[in-house]
Amino acid sequence: MTSQAAHAPSPFILRHPILTALALSLGTAVALGLARFSYALLLAPMRADLGWPYLVAGGMNTGNALGYLLGALLTPMLMRRYQAHRVLIAGAFGTALLSFLPALTTDTLLQLLLRMVTGVTSALIFVSGGLLVSRLAALHAQRAGLLLGLYYGGTGIGIVAASLLVPPVMDAALARGAAHPWQWAWILLGLLALVASIVMALPAALMPTSPAQAAGTSRWRARSLLYGLVGYLFFGLGYIGYMTFVIALLKEEGMAPARITLFFALLGAATFASSRIWARMLDRFRGGQSLAILNGLLCVATLLPATTDAPVAVFASGLLFGGCFLSAVASTTAMVRHNLPPSDWPAGISAFTIVFAVGQIIGPSIVGWIADGAGGLQRGLVFSALMLLAGSLVAWRQRPLS
């Protein structure tokens, strides 16, 4: 067990907040960009190779989200015992090592179990990293929105890396006659996650600790931010269907592989750029307005590929979705910072992470079940869009706390 005595931030943290946020953002690159969203690139080849229906293919991300929920419940207990940066680093290296293991099996049940355990370690990254970047934002209040956006936008780094590197690696596997080319892709993702974890570890260890936050003495009650939490639940339900199935939909519609690679890379680049786009909004709005606006834009982005296969509309969808979806996550951390005292930040961030996970558990399986029916993936994405619209309407009702 580590000491709970506070220590001051290092000079590096004080002088270089942007670099620190970028280093911490590699945690989200591992947890989401590589360990979760890159699965969109592998869903179609794994489904074809292993004979999965869409229900099972989507169920892999449901399993990942179930593990994520368990991890979100576990992280506050760990942070009462260990400092947040240790939980972050352990989660990152655990996720990196687990990313190698899907390459070792073709058994569907084992794949599901691996996705679940990876979800647990990913949640350790997400909750502890969100707390650390909140502390960083408190040290640089004039840049708080940008720093939060950079942290969550790091997911885009993982998406861009996966979208540019996974297709050529799978092509090389095919050229060499590999029985299961997608296994090579998992090895690549594990290597990328390991490198990102190594780069992130030292700056994370320099972050200041707080005995009040580490002790977890929260008196906050979730009902005070109920509309924000429910709006975020609908966000989790809606966005995950798009991120799980959109690549499979584009392949079904006959989009060329090079265009699909470009689509996913642009989505990832827009995710990273969103940190600058929405920074002022995150600083300005104290209630649920930011989440409501972003949910509404995500609804539009999700409807586009569900209603047309025109390349211009599809690429507009990817850019808009990438530019909004992780900023919606950042908006909830900003809501916690604006409305709760620092001693309640761990409980607040954890609560939003839990409802996020619940939405992600339900969403992929429902969309997969719908996609196996007559409407196909297009109808599944319509369901996702409706959930995002509901999230927008509910989040708008969240007022700032006094």
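Quick notes on the rules
Numbering of residues starts from 1 in each chain and follows the order in which that chain's sequence is written. Local features in this predicted model are restricted to residues whose pLDDT is 70 or higher, and side-chain atom pairs enter the listing and the counts only when it is 80 or higher, whereas totals over whole chains, interfaces and linings include all residues. For side-chain calculations, the full set of non-hydrogen atoms in the structure is used, while hydrogens and water are omitted. Note on exposure labels: buried denotes an accessible area under 20% of the residue type's maximum, exposed denotes more than 50%, and partly exposed covers the range between, all computed with a 1.4 Å probe on protein chains only. A run of H or I in DSSP becomes a helix once it reaches four residues, and a run of E becomes a strand once it reaches two; helices and strands are each numbered from the N terminus. Two residues qualify as a contact provided that any one of their heavy atoms is within 4.5 Å of a heavy atom in the partner residue. Stacked, tilted and edge-to-face are the three classes assigned to paired rings of Phe, Tyr and Trp, where Trp is represented by its six-membered ring and a pair needs centres within 6.5 Å; plane angles under 30 degrees give stacked, over 60 edge-to-face, the rest tilted. Lysine and arginine charges are scored as sitting over a ring when NZ or CZ, respectively, is within 6 Å of the ring centre and within 35 degrees of the ring normal. Multiplying one less than the number of residues by 1.5 Å gives the expected span of a helix. In protein, a polar contact means a hydrogen-donor-capable atom and an acceptor-capable atom, both N or O and within 3.5 Å, with residues adjacent in sequence counting only if both atoms are side-chain atoms; elsewhere, any N or O pair within 3.5 Å suffices.

The name given to the chain in an unreviewed UniProt entry is MFS family arabinose efflux permease, with the source organism recorded as Herbaspirillum frisingense.

Caption draft 1: Focus on helix H7 (residues 144-153). Burial runs high along H7: 10 of the 10 residues are buried. Of the positions making up H7, those classed as buried are Ala 144, Gly 145, Leu 146, Leu 147, Leu 148, Gly 149, Leu 150, Tyr 151, Tyr 152 and Gly 153. The inward-facing, buried residues of H7 contact helix H2 (17-34), helix H6 (108-139), helix H8 (155-175), helix H12 (257-277), helix H13 (279-284) and helix H16 (325-339).

Caption draft 2: Local environment of the packing of aromatic side chains. Here the structure, examined in full by the defined rule, presents 18 aromatic pairs. With 6.0 Å between their ring centres and 75 degrees between their planes, Tyr 54 and Phe 245 make a pair best called edge-to-face. Residue Tyr 54 is located in helix H4 (residues 54-81), and its partner Phe 245 is located in helix H11 (residues 226-252); the two are separated by 191 residues in the primary sequence. Residue Tyr 54 is classed as buried on the basis of its relative accessible area of 6%. Owing to a relative accessible area of 1%, Phe 245 belongs among the buried residues under this scheme. Lying across the ring of Tyr 54, Arg 47 places its NZ or CZ 3.7 Å from the centre. Over the ring of Tyr 39 we find Arg 115, and its NZ or CZ is 5.0 Å from the ring centre.

Caption draft 3: Spatial organisation of H6. Between its terminal C-alpha atoms H6 stretches 46 Å, which fits the 46 Å expected from 32 residues at 1.5 Å a residue. With a side-chain oxygen positioned 3.1 Å from the backbone nitrogen of Leu 109, the residue opening H6 is Asp 107.

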